[in-house]
Amino acid sequence: QVQLVESGGGLVQAGGSLRLSCAASGRTFSRYIMGWFRQAPGKEREFVAVISWNAGMTYYADSVKGRFTISRDNAKNTVYLQMNSLKPGGTAVYYCAARAGSWSEQNRRRTYVYWGQGTQVTVSS
């Protein structure tokens, strides 16, 4: 069982930056692939970024590539999402998620088992 708690959301102007954090409980954090997803009002939850167990591999949605960076600190049981050059379209609730298994389908929401409660990010124009 893994419990995830996101933080760091807030209101930011377009072009600004935010850093989200996701703290995980348990002693097996390093065994999980960690992902970030977001859900805008009236839309489905969509993939943002994912990082492998030891941070050796990352993968991003095309919409955030070059602007967002995912990282993790296994000693602190925490995964981060650095978001730069934010756009108004980035307004959403951001969720972190955890999954075990292989590095495949890592952008598929249905492959993630554990989810946080989400943190609101609002980007003003």
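Residues numbered from 1 in each chain as written. Predicted model: local features only at pLDDT ≥ 70, side-chain atom pairs only at ≥ 80, totals over all residues. Heavy atoms only, no water.

A. Structural view of the overall build of the protein. A tally of helices and strands in the protein yields 0 helices and 11 strands. Mapped from its N terminus to its C terminus, the protein presents α and β elements in the order β-β-β-β-β-β-β-β-β-β-β. Each principal axis of the C-alpha distribution contributes one length, and for the protein these read about 40 × 25 × 25 Å. Across the 125 residues in the protein, those meeting the buried criterion constitute 45%. Carbon and sulfur atoms form 46% of the exposed surface of the protein, whose accessible area is close to 6400 Å². Charged side chains in the protein number 15 positive and 6 negative. The centres of these two groups are separated by 3 Å. (Helix = DSSP H or I, 4+ residues; strand = E, 2+ residues; numbered from the N terminus. Buried < 20%, exposed > 50% of the residue type's maximum accessible area, 1.4 Å probe, protein only. Areas by Shrake-Rupley, 256 points an atom, 1.4 Å probe, with all protein chains shown as cover. Lys, Arg positive; Asp, Glu negative; His and termini not counted. Charge placed at Lys NZ, Arg CZ, Asp CG, Glu CD.)

B. Molecular detail of the state of the cysteines. Here the structure, examined in full by the defined rule, presents 1 disulfide. Here Cys 22 engages in a disulfide with Cys 96; their sulfurs sit 1.9 Å apart. On the S-S bond that ties Cys 22 to Cys 96, the torsion sits near 40°, and the link is right-handed. Here Cys 22, found in strand S3 (residues 18-24), pairs with Cys 96, found in strand S9 (residues 92-99); they are 74 residues apart in sequence, far enough to count as distant. Here the two residues Cys 22 and Cys 96 agree in accessibility, since each one is buried. (Disulfide = S-S within 2.5 Å.)

C. Structural detail: unusual backbone geometry. Look at Asn 77: it is not a glycine, yet its phi comes out positive at around 55°. Here Asn 77 is to be found in the loop between strand S7 (68-73) and strand S8 (78-83). Within the chain, Glu 105 stands out as a residue other than glycine whose phi angle is a positive 50°. Residue position: Glu 105 is located in the loop between S9 and strand S10 (114-115). Residue class for Glu 105 comes out partly exposed when judged on its relative accessible area of 37%.

D. Here's a closer look at the pattern of salt bridges. Considering all chains together, one arrives at 4 salt bridges under this definition. A salt bridge links Asp 62 to Lys 65; the shortest N-O distance between them is 3.0 Å. Across the pair Glu 105 and Arg 108 runs a salt bridge whose closest N-O atoms are separated by 3.8 Å. Using a relative accessible area of 41% as the deciding quantity, one classes Arg 108 as partly exposed. (Salt bridge = Lys/Arg side-chain N within 4 Å of Asp/Glu carboxyl O.)

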